[in-house]
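Architecture and fold: a report
So you can see what is in the structure, the chains are spelled out below.
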Amino acid sequence: MNENIEIVKKRFEGAFDVKYREIMTSLGMCTLVFIDDLCSAQFISEYIVTPLKKKEYPCKKVEDIVTNVLDINIANYAKDVNDAVLHILSGDIVLLFEKHEKIIYCEVKGFVRRGVSIPVTESVIKGPREGFTELFVDNISLIRRKIKNSDLKFEPIFVGDKSQTVVCISYIKGIAPDYLINHVKEVVNNLDLSFILDTNYIEDQLRGKKSVFDTVGYTEKPDEVAAKVLEGRVAVLVDGTPFVVTVPYFFLENFQAPDDYYVNKYFANFTRILRWLAFVIAMFLPGFYLAIMTYHFALIPSLFVFRLAVSRAGVPLPTIVEVIMMMLAFQLIKEAGLRLPQPIGGAMSIVAALILGDAVVGAGIASRITIIVVAVSTLSYFLIPKVYGAMSVWSLIITVVSALFGLPGFFIITMVFIVMLGDLETGGYSYLFPLGSVGTYKFQDIVFRGDLNRISKKIIGRGGVNNNGKKSS
């Protein structure tokens, strides 16, 4: 018996779903090896087994089987027995001949897959409704449909000693800079992991400096990935997850929604202003409120001071304890609503917030003004979902420092926050890019969205690279 057949059987010893089918062909005995759950039985029967058994064409070598016998689109030769095993695990069928060393593999994938549906995390008012799936080949086809360009490349890399997960790097040759492509390839190739199940395994390495802010973008919308790739960025697809990573990713993109480019420009700009306002409120309102209430009563109008005094009458806790307690309570409600099944999660969040607010005020644990400040701040988080986690952490830090040191502490921690953002990098660029380089960048999409015909012209794209592929200053 061919040594390759013995090696394959030994590698899959004890795997009940690996099937072996022996067929007598013109070249002698042939063993078909495939995983039943991943392959299409009908495909194998009609286009591989039946042609092999007919023996209509004279075959003197393995190449004749591929060219004359097999009625299948994709059939090629495995590099060695290890490559053959990888093809079997990927859903292909492998043909091992008893008297020949060459190994043939054929693509007969037939496993269960989720259909293309509306992405849950990125809903739009107007625009494409397609979302990525867990199968990376389907995701590639969705991007190909958006970009009909022969320079669009998809380079597969197998990552994980145990899982052998396919990681695909996508870019447009001639638009994406070489150093960015090489940087992403180097990071992926140097991943020393036993397994990889999601894009976050790669995101951790691409982020560079550790921060609560995401310096690597992710999305499950093909149109958004297509737009970023056309701008000169690199996308990373991982088999088994519907989220696609894009590099670089800038701070300003947190305030851009997918449907900003499908609705009226003026309405899109209005909603962007709301997002910036929500960011300021969520980050700084609780801290500013605490600093004023604790140390700087003189800055508050006298009539409003009287109202605050009446509101806080009977509240035994210090203002800082009151604010932090309510912030944590709203975080608990948010997490509970997120983790519960969808039909009851939303209703539970609304009921819990109403009951909690009324009960806290009735019990004299917190004042109405505190609940209003924390509620408005928490509500503002949800206008910028991509940066929600980072805002939650930094808002709490700013609140604590402001409560301890008043307005001087508030302004100092705000400057520290801005310096921290300026120190972050994403794919070799400043995280705050293109701020400070608008003149050379010719950016049409900073705070306000420009005209689409100007954004889509063949000028420097939002990827942040110039024509010679070097970093912009």
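The paragraphs below set out a description of the structure included in this document. Owing to the predicted nature of the structure, the values given are computational and were not obtained by experimental measurement.

In contact at an axis separation of 7 Å, helix α9 (residues 265–295) and helix α13 (residues 368–381) are set at 155° when each is read in the N-to-C sense. Overall, the two elements α9 and α13 adopt an arrangement that is roughly antiparallel. Crossing hand, α9 versus α13: left-handed. Across the interface between the two elements, Ala278, Ile281, Ala282, Leu285, Pro286 and Tyr289 from α9 touch Ile369, Thr370, Val373, Val376, Ser377, Ser380 and Tyr381 from α13. Each residue belonging to the contact of α9 with α13 can be placed in one class, and the counts come to ten nonpolar, three polar and no charged.

Moving on to the pattern of salt bridges. Enumeration according to the criterion identifies 19 salt bridges in this entry. With its nearest N and O atoms 3.4 Å apart, the salt bridge here joins Lys221 to Asp223. Each member of the pair, Lys221 as well as Asp223, carries the same accessibility label: buried. The structure contains a network of salt bridges with shared partners spanning Glu203, Asp204, Arg207 and Asp214.

Taken as a whole, this structure holds 24 aromatic pairs when the rule is applied. Summarising the aromatic geometry, the rings of Phe255 and Phe279 are spaced 5.4 Å apart at their centres and angled 90° between planes, so their arrangement reads as edge-to-face. Of this pair, Phe255 sits in the loop between β10 (244–247) and α9 while Phe279 is found in helix α9, placing the two residues 24 residues apart along the sequence. Grouped by ring-pair contacts, the aromatic residues Phe213, Phe251, Phe255, Trp276, Phe279, Phe284, Phe288, Trp394, Phe410, Phe411, Phe417 and Tyr431 constitute a single cluster. Here the guanidinium or amino end of Lys9 rests over the ring plane of Tyr20, the centre of that ring lying 5.5 Å away. One residue, Lys102, lies across the ring of Tyr77, its end atom 4.9 Å from the ring centre.

Attention now moves to the nonpolar core. In this structure, Phe213 and Phe417 are the most contacted members of the largest nonpolar core, which totals 42 residues. Of all the elements in the fold, those that place two or more residues in this core are α9, α11 (319–339), α13 and α14 (388–423). When residues of this core are assigned to their parent elements, the largest contribution, twelve residues, is made by α14. With near-sequence residues (within four places) excluded, Phe417 lies in contact with Phe213, Phe279, Met283, Phe284 and Trp394. Membership of the second largest hydrophobic core comes to 23 residues, among which are Leu32, Phe34, Leu70 and Phe97.

Moving on to the environment of His100. Structurally, His100 is set in the loop between β4 (92–97) and β5 (103–107). Accessibility expressed as a relative area gives 23% for His100, which makes it partly exposed. Residues His100 and Gln205 lie 105 residues apart in sequence; the distance between their C-alpha atoms is 44 Å. Discounting residues that sit within four places of it in the chain, His100 has contacts with Asn2, Leu27, Lys60 and Val62.

With that settled, the discussion passes to the sheet that holds strand β6 (residues 152–159). Two orientations exist for strands paired in a sheet by backbone hydrogen bonds: parallel and antiparallel. Read from one edge to the other, the open sheet built from five strands follows the order β6-β7-β9-β10-β8, with strand pairing classed as antiparallel. Unpaired on one side and paired on the other, β6 and β8 (217–219) mark the two borders of the sheet. The mean inter-strand angle of the sheet, taken between neighbouring strand axes irrespective of direction, is 25°. Here strand β9 (residues 234–238) pairs with β10 via three bridges, running antiparallel. In the sheet register, Val236 faces β10, and the bridge partner there is Val245. Its contacts with the sheet put helix α6 (residues 178–189) on β6, β7 (165–172), β9 and β10, and the angle it makes with β7 is roughly 175°.

Thresholds, definitions, all that
- Residues numbered from 1 in each chain as written.
- Predicted model: local features only at pLDDT ≥ 70, side-chain atom pairs only at ≥ 80, totals over all residues.
- Heavy atoms only, no water.
- Axes fitted to C-alpha atoms, helices over the stretch in contact; angles between N-to-C directions.
- Helix = DSSP H or I, 4+ residues; strand = E, 2+ residues; numbered from the N terminus.
- Parallel < 35°, antiparallel > 145°, perpendicular 65-115°, else oblique.
- Left-handed = near helix turned anticlockwise from the far one by under 90°.
- Contact = heavy atoms within 4.5 Å.
- Nonpolar A, V, L, I, M, F, W, Y, C, P; charged D, E, K, R; others polar.
- Salt bridge = Lys/Arg side-chain N within 4 Å of Asp/Glu carboxyl O.
- Buried < 20%, exposed > 50% of the residue type's maximum accessible area, 1.4 Å probe, protein only.
- Phe/Tyr/Trp six-rings, centres within 6.5 Å; stacked < 30°, edge-to-face > 60°.
- Lys NZ or Arg CZ within 6 Å of the ring centre and 35° of its normal.
- Core = buried A, V, L, I, M, F, W, Y, C linked by side-chain atoms within 4.5 Å.
- Pairing = 2+ DSSP bridges.

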